[in-house]
Each structure stands twice: as structure tokens, then as C-alpha cells.
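Reading the structure
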Amino acid sequence: ENKGEEVLTQTDYNIYHGPAIRCEVTFEPVAGFPEKEQRAGFWSARDNSDKRNPLIIWIAHPQPGLPLFAVRAQSTTNMGTIIAHLRSVASGAIP
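Please read all numbers here as calculations on a predicted model, not as lab measurements. (Residues numbered from 1 in each chain as written. Predicted model: local features only at pLDDT ≥ 70, side-chain atom pairs only at ≥ 80, totals over all residues. Heavy atoms only, no water.)

What about the pattern of salt bridges?
Per the stated rule, a full pass over the model turns up three salt bridges. Among the salt bridges present, the one from Glu6 reaches Arg22, with a minimum N-O distance of 3.1 Å. Here Glu6, found in strand β1 (residues 2-8), pairs with Arg22, found in strand β2 (residues 18-25); they are 16 residues apart in sequence, far enough to count as distant. Three or more residues are tied together by salt bridges with common partners; here these are Glu6, Arg22 and Glu24. (Salt bridge = Lys/Arg side-chain N within 4 Å of Asp/Glu carboxyl O. Helix = DSSP H or I, 4+ residues; strand = E, 2+ residues; numbered from the N terminus.)

Here it is as C-alpha cells:
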């Protein structure tokens, strides 16, 4: 779900700073999951409620002329917070 635009700041962990579209993805098991996993499981809130936390992905153009790409992703799980940062960008042919 598109949650609008946010401005990301550069940190020691990421290279991207600037406007990014915030998207939230939620997981809902539909079929094929054991009954004990029908609850929130890995994506559950840290307070052990049945609520699922979203996976938040920020997408932006990491450099002029490049397509939209995930520049940051974050979610809170029952084991803690997971954060992924874009660390480098290279354009051109893949070696």
C-alpha cells in the first residue's frame, strides 16, 4: 500500500538521501500453513499480540536516470527490528 512520500536522510549505513515513496506490505496466510502458524508468527508484534507488523519498503531513483528501486526496507518481528539499507549503486553492464 502506498503511504505517500517521505524524505530519507543519509546515514553511515546508507547512501541514498532524498524523497522516497513509502510502501507497506502486510502478510496474511491464506492456505498451506500449519495451524500453529496461522497466528502472526515471525511477523508478529513484539508484544506477542496476533497483530502482524508490515514490511515497510522505501523506493526511489537511487541515481538520476535509474529506475525506481528499494533504497530501504524495515520491519519489526518477534525477534527484533530488521533494517536493510542500499549501500552502493552501479550502472552499466554486469561483469
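Here the narrative resumes.
Some thoughts on the sheet that holds strand β5 (residues 80-85)
On the basis of which strands lie adjacent, the open sheet formed by five strands has the order β1-β2-β3-β4-β5 and antiparallel pairing. If you trace the sheet from one side to the other, it starts and ends with β1 and β5, each paired once. Looking at each pair of strands side by side, their axes are set apart by 20° on average, direction ignored. (Pairing = 2+ DSSP bridges. Axes fitted to C-alpha atoms, helices over the stretch in contact; angles between N-to-C directions.)

Some points on the packing of aromatic side chains
Throughout the structure, instances matching the rule amount to zero aromatic pairs. The residue whose ring lies beneath Arg72 is Trp58, and the NZ or CZ to ring-centre distance is 5.1 Å. (Phe/Tyr/Trp six-rings, centres within 6.5 Å; stacked < 30°, edge-to-face > 60°. Lys NZ or Arg CZ within 6 Å of the ring centre and 35° of its normal.)

Things to note about the side chain of Arg72
The topology assignment puts Arg72 in strand β4 (residues 69-77). Engagement of the side chain of Arg72 in a polar contact is seen with the side chain of Gln74, the distance being 2.3 Å. Contact partners of Arg72, with chain neighbours within four places excluded, come to Leu8, Ile56, Ile57, Trp58, Ile83, Ala84 and His85. (Polar contact = N/O pair within 3.5 Å; in protein donor to acceptor, adjacent residues only side chain to side chain. Contact = heavy atoms within 4.5 Å.)

Observations regarding the environment of Phe27
Its place among the elements puts Phe27 in the loop between β2 and β3 (55-60). By relative accessible area, Phe27 is classed as partly exposed at 33%. Residues Phe27 and Pro54, spaced 27 residues apart in sequence, show a C-alpha to C-alpha distance of 7.4 Å. (Buried < 20%, exposed > 50% of the residue type's maximum accessible area, 1.4 Å probe, protein only.)

Details of the pairing of β4
Pairing geometry for β3 and β4, over five bridges, is antiparallel. Bridge pairing links Ile57 to Ala73 in β4. Of the pairings in the sheet, the one linking β4 to β5 comprises six bridges and is antiparallel in character. Bridge pairing links Ser75 to Ile82 in β5.

Focus: the nonpolar core
Among the nonpolar cores identified, the biggest contains eight residues, and these are Leu8, Tyr16, Ala20, Ile56, Trp58, Ala60, Val71 and Leu86. Those residues in contact with Ala20 that sit more than four places away from it in its chain are Gly4, Glu5, Glu6, Leu8, Trp58, Ile59, Ala60 and Val71. (Core = buried A, V, L, I, M, F, W, Y, C linked by side-chain atoms within 4.5 Å.)

Focus on the pairing of β2
Taken residue by residue, a regular strand's side chains alternate between the two faces of the sheet. Sheet topology note: the β1/β2 ladder contains five bridges and is antiparallel. In the sheet register, Val7 faces β2, and the bridge partner there is Pro19. Sheet topology places β2 next to β3; five bridges connect them, and they run antiparallel. Residue pairing for β3: Glu24 is matched across the bridge by Ile56.

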